[in-house]
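Working through the structure, step by step
Each chain is listed here by its residues.
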Amino acid sequence: MTTILKYPKSVWYIIGNEFCERFSYFGLKAVLVLFFTTIQEYDHDTSTIIFHMFLVCAYLSPLFGAIIADSYWGKYKTIFILSIVHAIGNILVAVASFVTSISLNFQRLFTIVGLLLTSIGAGGIKPCVSSFGGDQFVIPDQEDHLQKFFSVFYFTINAGSLLSTFITPELRKSVQCFRRDSCFPLAFGIPAILMLISIVFFVSGKSMYKIKKPVSSIITTSIGCMFYALKKKITASSNEPKRKDWLEYSDDKYNTHEISELRSALDVMYLLIPIPLFYTLFDQQGSRWTLQGTLMNGKIDFLNWSIKPDQVHLINPLFVLVFIPLFNGVVYPILYKIGINTPLKKVTLGGLFAASSFVCAAVVQCIIIGQTSVLASNEGQLRIFNNFDCGVAMSGSLVGNFSIEPLDVLHINYSSAVFNETDVLSINVEPTCQLLKTGTLKQRVFIVKGGVSFYLLTSKKHDDIELKYLNELRKLRSGNSNLRISYSDNLSGKSITLRNTDNKLSDINNFQLPLNKNTNHEIPVGTYDIYLDNEHILVTIDLLPASVNELIFHQRFNHTTAKLITLENGKYIHILWQVPQTLFITIAEVMIVVTLLEFTFTQAPLSMKSFISAANLCTQAVGNLIIVIISKIGLFENQVHEYIFYVILVVLGVIIFMLMSSKYKYKYVTENQSK
């Protein structure tokens, strides 16, 4: 604590600015995925792709910010100008969430422009703020202060993240505004205001800052040096003396100091190559894990309050705030004694904790999805839905006699030695269905070996009964409810509304479904009332995670009856099941992100600190790009399998990193020299 109080006063303005800026960034990020799925009506995969493309831009733009800071504007001017760009982006997203009366495509375009500006602004200042804070210390006199500063700096980031991750989802869901049950404009508006405050905070400390101006275009010089060295190495004659490394071939054009600094930078950047694999896990907290949370029960009964899906991950910054002092004071000294005594060894161990987090996520997803009924290879099943409000007697040439209750389903199991076969069913509808011209039917049905065949028993305009083939229903990859609507021909042209019982003012999460035959619909988990046109048909039906449902309608004498039949279900477990995976990913974050923040600053040459910091941040962009590619390709039908794939990916990355870092030689850099 005494060390922290001895920081230069200018550092506190930088920390205050960072707190407000991080509140703004993480606040927007926390509710972004659900904004896409609810207001902008994207499916889960599309929302995930857009979210991670936003992060790709946010973590690629640090290169742009670092080049400007190190070569042209300097860190102070870069932070100031790009903070204004960040604030404008925040304001545009808030406006886009407010103006829902305009066309959906225009609203989406407005949002994308706002997110693009936000990503350029937020990303561009990332490498500058931490290194600008580091510039306020005198090295080597204040080296101990500097080491503590990066922990305090990251502590501040997570304090802002903690508050925004709690507050913005509350504003989104618990506050009603503009005649809606949710308030996305307020959830985005508060971060926009905090971003404006961060600019005021930063400018207020200008008279105290130690501002270093860029002396040359170091990035241009470095690129020129590399190309020149490669050219000389390729064209060198066999008579020329061999050099220790390829960069020394440029010594006739570039001085020893320039070559030495470039070599140091490349040594650090080389070690960053496997780091994106860690970020393929870390950044899914805001996408896949949030969407996983929508399938879970967040109710805290004794508080009469529910944890929102985009809110549970406030545990992550809370753990970070606890773990940073705990690791510095207790854990790292213990690890030092057992041989984990360098930054790169900490990063290696952190990668294993990251992999463990996704093992936990896969287990949770497996519990949610539940078991899917699987038939033996020599069995087939017939499912027949009764669309009548009276009973039906049925007999098959292979399996005997059965009956189906009104608006119910019959499961008939077959054993077969051949690939497939058919059965002839004789169907007799009870006389109570008086409007039918004939209540009997004999029809051949097809049995699939190892699969399920679906049929609907219905009528043709009250004339004759018919047995119609239906497509197979399966559990959805997203874990949402899969719903199909079955009905008789006399209901054609009408529409069905599923109204979420949590919504009292708005149509958000309400679904207007056309009566398209043999079409299934993906419906978010929740409790709904069912309306046929404006007629209230069913009250409070529960659509549970990973459920497969058939909603059957029948109309007789202008009276409509309906029944929801659930064929398969997952489990509606509590959202606090996500705590273990969040705990493990937070340990990994402290051991990797904080360690790399310090490592890249201390090991980077003096003239390229912002650029190396940006290169470190770009690993996060590459990690998010990998997520986008995997999501776009759609390799996995089961989300559990995708989680396991990421575990394998990260374990391979840990092994590669361990081999690459084993020969690294640490450097000691001062303001006067680079060693």
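Above this text is the structure in question.
In short, a report on the structure. (Residues numbered from 1 in each chain as written. Predicted model: local features only at pLDDT ≥ 70, side-chain atom pairs only at ≥ 80, totals over all residues. Heavy atoms only, no water.)

Let's talk about the pattern of salt bridges
With the rule as written, the count across this model stands at 11 salt bridges. Residues Asp-408 and Lys-563 are paired through a salt bridge, measuring 3.9 Å at the closest nitrogen-oxygen approach. Note that Asp-408 is positioned in the loop between strand E5 (400–404) and strand E6 (409–415) and Lys-563 in strand E18 (residues 559–568), a separation of 155 residues in sequence. Residue Asp-408 is classed as partly exposed on the basis of its relative accessible area, which comes to 21%. In this structure Lys-563 comes out as partly exposed when scored by relative accessible area, which is 33%. For Arg-477, the salt bridge is made with Glu-642, and the minimal N-O distance between the two is 2.3 Å. (Salt bridge = Lys/Arg side-chain N within 4 Å of Asp/Glu carboxyl O. Helix = DSSP H or I, 4+ residues; strand = E, 2+ residues; numbered from the N terminus. Buried < 20%, exposed > 50% of the residue type's maximum accessible area, 1.4 Å probe, protein only.)

Concerning the nonpolar core
Within the largest apolar cluster, 117 residues are counted, with the highest numbers of intra-cluster contacts made by Tyr-25, Leu-32, Phe-149, Tyr-154, Phe-188 and Phe-278. Broken down by element, the residue count for this core peaks at 12 residues, all from helix H14 (residues 579–603). When neighbours within four sequence positions are excluded, Phe-278 is seen to be in contact with Ala-354, Ile-585, Ala-588, Glu-589, Ile-592 and Val-593. Core analysis: the second largest hydrophobic core is formed by 20 residues, Leu-382, Leu-410, Tyr-414 and Val-445 among them. (Core = buried A, V, L, I, M, F, W, Y, C linked by side-chain atoms within 4.5 Å. Contact = heavy atoms within 4.5 Å.)

Some words on the sheet that holds strand E11 (residues 481–486)
One open sheet holds the 4 strands; their spatial order is E14-E11-E17-E18, and the pairing between them is mixed. One side of each edge strand has no neighbouring strand; the edge strands of this open sheet are strand E14 (520–523) and E18. Each strand axis lies, on average, 25 degrees off the axis of its neighbour in the sheet, ignoring direction. Two elements, E11 and E14, share 4 bridges in a ladder whose sense is antiparallel. Each bridged residue has a counterpart across the sheet, and for Leu-483 the counterpart in E14 is His-521. (Pairing = 2+ DSSP bridges. Axes fitted to C-alpha atoms, helices over the stretch in contact; angles between N-to-C directions.)

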